[in-house]
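Summary of structural features
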Amino acid sequence: MSSIFDFVVIGSGLAGLSFAIRASKYGSVALITKGKIEESNSFYAQGGIAASPLSDEDSVEKHIEDTIKAGDGLCNTEVVRTIIEESKQAIEELVSWNVEFDREDGNFHLTREGGHSARRILHKGDYTGQEIQTKLSEIVRNQKNIFIFEENMAVDIITKFKFVGRKGGEVEDECYGAYILNKRTGSIETIFGKFVILATGGAGKVYLITTNPDTATGDGVAMAKRAGAKIANMEFYQFHPTVLYHHKEKNFLISEAVRGEGGIIRNKNGEPFMKKYHPMGELAPRDIVARAIDMELKKSGEDHVYLDITHLPKDFIIKRFPKIYQKCLSLGIDITKEPIPVAPGAHFMCGGVLTDSYGETSISRLFAIGEVAYNGFHGANRLASNSLLECVVMSKRALKKCLEYPKKIHIPQEDIPPWKSEKTIPQDEKILISHTWDEIRRLMWNYVGIVRSEKRLQRAYERINIIKKEVIEDYWKYYVSPDLIELRNIAITAELIIISAMQRKESRGTHFNIDYPFKNDIDFKKDTIL
Ligand code: FAD
Ligand code: SIN
């Protein structure tokens, strides 16, 4: 079966949902998502969403300055200005979609996180993402024009050059839709769209330790790469300094807002150490805090440090951080009385599919918005709580550009072949998939993590080449399953990160190479484009 929609949205995090809600006023929307609608990085966002100016102590200019400072020389200042200038309107829109934020005396309660020079982060307790995703999903489920495909996974993007052909001299490719695997039936269908919106989020699962849920496997970047789109700045993977360290919990974040409200990072002897590394101490930009912890751990041989908020009033802690309090208590840690064991983990993909300031990629009518995209907003390092903001603003800008296209767009359906799968045989060695998956995640953690070196990157490069070759052979030999699709995407994403990191012979933002420990503006104040 094949269908044609005005908009095909792949991914149902905040970027995908906010786009779908808006676009449904103008045409039919297919919302494709590989799990349940709510499941996404967006759902787990704790700290909140940054906007300005929301108080007398803040301004758009200060927010822009903080974003550019965190981005360490690679932000596109025009994009930064555009997104931040639209931030107040983005909040108004979320509120109009029934999203609630905590208030104090009628005004929004504003919190603070690393790298922010003012309190400007709106939040709902420590479960802002859950509040947003729940409210937006409710709207999407009730829109007649939105056709929801849960448990459906995009496998590949359909483009003119790849599937119809390229006439001599033609330089601009265009997008027609995507092949979609129905995870319930195992069949792969063709879904056509006048506009395809990649909103597939990040790739935290490429690393052994991550804050990201299982959906974050780099599918969007890998699909865009296979389709021939440009990919930028993949070397900049942001590590969050404080992931709960506990054998029973694999990826629970302890929000930066905990430090924003006064939390102190201590070593095993109870000594605070962050001021030694940066004058902003616990609230230094994330890359600096993550590296400082990494360094302390290497010195002490320990595997975690502690985040201490026991000096704050018990009632305040329970009210302000209800989920963190409950989660830790369920594991036997009373955070009002004892410090929380934490260690860094992979958190946010700063690079991604290269787009213009409206989210359009180098392939016409293929858009990328949210964490999957690189539009210059975050540069070499993202400022905390700026990504939920980016999702809301960029989905609006993407739609604006879609609506500027002529109404009639021809999709040559008859020229697009159905997905071919006759040659495949049943996959009976599932264990190989999980072994290879594990191999890649360890390889990335050990050789392409918080601190990198030429030797480690070279080693990672040689190994990923062998692994990728095996994965691709398996891919074409066996029935295409969700696990195999994700494994292939993880392998491709890992390779993109490694190659980009090898090209950047300096240290900047989240990319730190001990063989090139300084920033080199003369040669490298530029994006890495693959
Ligand atoms: P996501 O929310 O990740 O959504 C991606 C969607 O794509 C999912 O629905 C997924 O299932 C789907 N998908 C992926 N691949 C496919 C495929 N092949 N086919 C179909 N569907 C697919 N940012 C902030 O600004 N403030 C915060 O407080 C904050 N806290 C965070 C806390 C945690 C624990 C994490 C992990 C991230 C946090 N971030 C925060 C970052 C922020 O949540 C994300 O960057 C942002 O939500 C990304 O939104 P998105 O819509 O681009 O992607
Ligand atoms: C957090 O709450 O620490 C995460 C905020 C973010 O990643 O923006």
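The shown structure was predicted, so the numbers you read here are calculated from the model rather than taken from an experiment. (Residues numbered from 1 in each chain as written. Chains lettered and ligands numbered in written order. Predicted model: local features only at pLDDT ≥ 70, side-chain atom pairs only at ≥ 80, totals over all residues. Heavy atoms only, no water.)

What the protein chain contains, in helices and strands, is 17 helices and 19 strands. At 22 Å, the protein chain has a C-alpha radius of gyration in line with the 24 Å of a compact globule built from 530 residues. Projected onto the principal axes, the alpha-carbon positions of the protein chain cover approximately 65 × 55 × 50 Å. Out of the 530 residues belonging to the protein chain, those deemed buried represent 62%. (Helix = DSSP H or I, 4+ residues; strand = E, 2+ residues; numbered from the N terminus. Rg over C-alpha atoms; globule rule 2.2 N^0.38 Å. Buried < 20%, exposed > 50% of the residue type's maximum accessible area, 1.4 Å probe, protein only.)

Spatially, the 4 strands line up as an open sheet ordered S13-S16-S15-S14, and their pairing is antiparallel. Looking at the sheet topology across the chains shown, the edges are occupied by strand S13 (237–244) and strand S14 (264–266). Strand-to-strand, the axes of this sheet are offset by a mean angle of 45°, without reference to chain direction. In this structure, S13 lies alongside strand S16 (residues 340–349), joined through 6 bridges in antiparallel fashion. Across the sheet, residue Leu 244 finds its bridge partner in S16, namely Val 342. (Pairing = 2+ DSSP bridges. Axes fitted to C-alpha atoms, helices over the stretch in contact; angles between N-to-C directions.)

Further remarks concern the site of ligand 2. Every residue close to ligand 2 is listed here: Gln 46, Gly 47, Glu 113, His 240, Leu 253, Ser 255, Glu 256, Arg 286, His 347, Arg 382, Ala 384 and Ser 385. Within the contact set of ligand 2, an oxygen atom lies 2.9 Å away from a side-chain nitrogen or oxygen of Arg 286. The class makeup of the residues in the shell around ligand 2 is 2 nonpolar, 6 polar and 4 charged. (Near = heavy atom within 4 Å. Polar contact = N/O pair within 3.5 Å; in protein donor to acceptor, adjacent residues only side chain to side chain. Nonpolar A, V, L, I, M, F, W, Y, C, P; charged D, E, K, R; others polar.)

Moving on to the nonpolar core. With 77 residues, the main nonpolar core has Ile 10, Leu 198, Tyr 207, Val 353, Ile 440, Met 444 and Val 448 as its most contacted residues. It is helix H16 (residues 482–503) that provides the largest number of residues to this core, a total of 12 residues. Not counting residues up to four positions away in its chain, the partners in contact with Leu 198 are Ile 10, Ile 157, Gly 220, Met 223, Ala 224, Val 353, Leu 366, Phe 367, Ala 368, Ile 369 and Val 372. Formed by 51 residues, the second largest nonpolar core is a distinct cluster that contains Val 9, Ala 15, Ile 37 and Ile 369. (Core = buried A, V, L, I, M, F, W, Y, C linked by side-chain atoms within 4.5 Å. Contact = heavy atoms within 4.5 Å.)

By the definition in use, this model includes 46 salt bridges. Lys 194 is the salt-bridge partner of Asp 6, the closest N and O atoms lying 3.0 Å from each other. Of this pair, Asp 6 sits in strand S1 (residues 2–10) while Lys 194 is found in strand S11 (residues 188–198), placing the two residues 188 residues apart along the sequence. Judged by its relative accessible area of 21%, Lys 194 is partly exposed. Glu 256 serves as the salt-bridge partner of Arg 259, at 3.3 Å between the closest nitrogen and oxygen. Here Arg 259 pairs with Glu 256, and both are found in helix H8 (residues 256–260), just 3 residues apart, close to one helical turn. You can call Arg 259 buried: its relative accessible area is 2%. Where salt bridges share partners, they join Glu 235, Arg 504, Glu 506, Arg 508 and Asp 521 into one cluster. (Salt bridge = Lys/Arg side-chain N within 4 Å of Asp/Glu carboxyl O.)

So, on to the sheet that holds strand S3 (residues 49–50). Read from one edge to the other, the open sheet built from 3 strands follows the order S3-S7-S6, with strand pairing classed as antiparallel. Strands with a single pairing partner mark the edges of an open sheet, and in this sheet they are S3 and strand S6 (110–111). Pairing analysis gives 2 bridges linking S6 to strand S7 (residues 121–122), with the strands arranged antiparallel. Following the sheet pairing, Thr 111 is matched in S7 by Ile 121.

Looking now at the site of ligand 1. Residues in contact with ligand 1 amount to 39 residues; listed here are only the nearest, Ser 42, Gly 48, Asp 219, Glu 371 and Leu 388. A distance of 3.4 Å separates a nitrogen atom of ligand 1 from a polar side-chain atom of Arg 382. Measuring from an oxygen atom of ligand 1, one finds a backbone N or O atom of Leu 388 at 2.9 Å. Contact with the protein chains removes 98% of the 1,000 Å² of surface that ligand 1 exposes when unbound. (Areas by Shrake-Rupley, 256 points an atom, 1.4 Å probe, with all protein chains shown as cover.)

In this structure, His 410 sits in the loop between helix H13 (386–404) and helix H14 (430–447). Between the alpha carbons of His 410 and Phe 101 there is a distance of 43 Å; along the sequence they are 309 residues apart.

Time to look at helix H10 (residues 286–300). Relative to the 21 Å expected for 15 residues at 1.5 Å per residue, H10 spans 21 Å between its end C-alpha atoms, a close match to the ideal helical length. What H10 keeps buried is the set Arg 286, Asp 287, Val 289, Ala 290, Arg 291, Ala 292, Ile 293, Asp 294, Glu 296 and Leu 297. In this structure, the buried side of H10 is in contact with S13, H8, S14, helix H9 (274–277), strand S15 (305–308) and S16. Following H10 by one or two positions, Gly 301 has its phi on the positive side, about 75°. (Expected span 1.5 Å × (residues − 1).)

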